[in-house]
Amino acid sequence: MDIPDWIRWIFFVFAAAQLLFVYRAAHLARRAEPGRRTGPWLEVADHAVGVVLSVGLALGALPVLVVVAPVLLVVLSWQGIRSVLARRAATAPAPGTGAAPGGGA
């Protein structure tokens, strides 16, 4: 597949920007407290896989897309599931703090 040069350069610039996000996310993940590290490391994985994908496409290696896309799908799915579960946990009332049975005012 022939990718125009200007698109290849866009992929390289995008990969360079994502490297900055990888560095920032890794720094935050290392500082995360125990028990709260999965989310930040998923963020690192998301950006790192994006760098590999961008560089692979910039070099015209389409097999990289076939290998990296499923990995990116798993990481993004895992992030989405964790986000939905966290949102559910945040909106659910804590045990013992719910409204009294029968309404009551």
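Please refer to the structure higher up on the page.
Residues numbered from 1 in each chain as written. Predicted model: local features only at pLDDT ≥ 70, side-chain atom pairs only at ≥ 80, totals over all residues. Heavy atoms only, no water.

Student: Honestly, the pattern of salt bridges in this entry has me stumped. Any pointers?
Tutor: If charged atoms from side chains of opposite charge come close, those side chains can pair. Tallied over the full model, the rule gives one salt bridge. Where Glu33 meets Arg36, a salt bridge forms, and the shortest distance between an N and an O atom there is 3.3 Å. (Salt bridge = Lys/Arg side-chain N within 4 Å of Asp/Glu carboxyl O.)

Student: Is there a simple way to think about helix α3 (residues 62-91) in this case?
Tutor: For an α-helix, the turn length of 3.6 residues means that residues three or four places apart are oriented alike. In this model, α3 (30 residues) spans 43 Å end to end at C-alpha, consistent with the 44 Å of a helix rising 1.5 Å per residue. At Val68, α3 shows its maximal bend, which comes to roughly 30°, and the proline Pro70 appears one to four places after that position. Listed as buried for α3 are Val68, Leu72, Val75 and Gln79. Elements in contact with the buried residues of α3: α2 (38-58). (Helix = DSSP H or I, 4+ residues; strand = E, 2+ residues; numbered from the N terminus. Expected span 1.5 Å × (residues − 1). Bend = angle between axes of the 7 residues up to and from the residue. Buried < 20%, exposed > 50% of the residue type's maximum accessible area, 1.4 Å probe, protein only. Contact = heavy atoms within 4.5 Å.)

Student: Is there a simple way to think about the packing of α2 against α3 in this case?
Tutor: How two helices pack is summed up by the angle between their axes together with the distance between the axes. Orientation of α2 relative to α3, taken along the N-to-C sense of each, is 160°, at an axis distance of 9 Å. Taken together, the axes of α2 and α3 lie roughly antiparallel to each other. Seen along the crossing, α2 lies across α3 with a hand that is left-handed. Of α3, the residues touching α2 (which contributes Thr38, Gly39, Leu42, Glu43, Ala45, Asp46, Val49, Val52, Leu53, Gly56 and Leu57) are Leu62, Val64, Leu65, Val68, Val71, Leu72, Val75, Leu76, Trp78, Gln79 and Arg82. Among the residues making up the contact of α2 with α3, the classes are represented as 15 nonpolar, four polar and three charged. (Axes fitted to C-alpha atoms, helices over the stretch in contact; angles between N-to-C directions. Parallel < 35°, antiparallel > 145°, perpendicular 65-115°, else oblique. Left-handed = near helix turned anticlockwise from the far one by under 90°. Nonpolar A, V, L, I, M, F, W, Y, C, P; charged D, E, K, R; others polar.)

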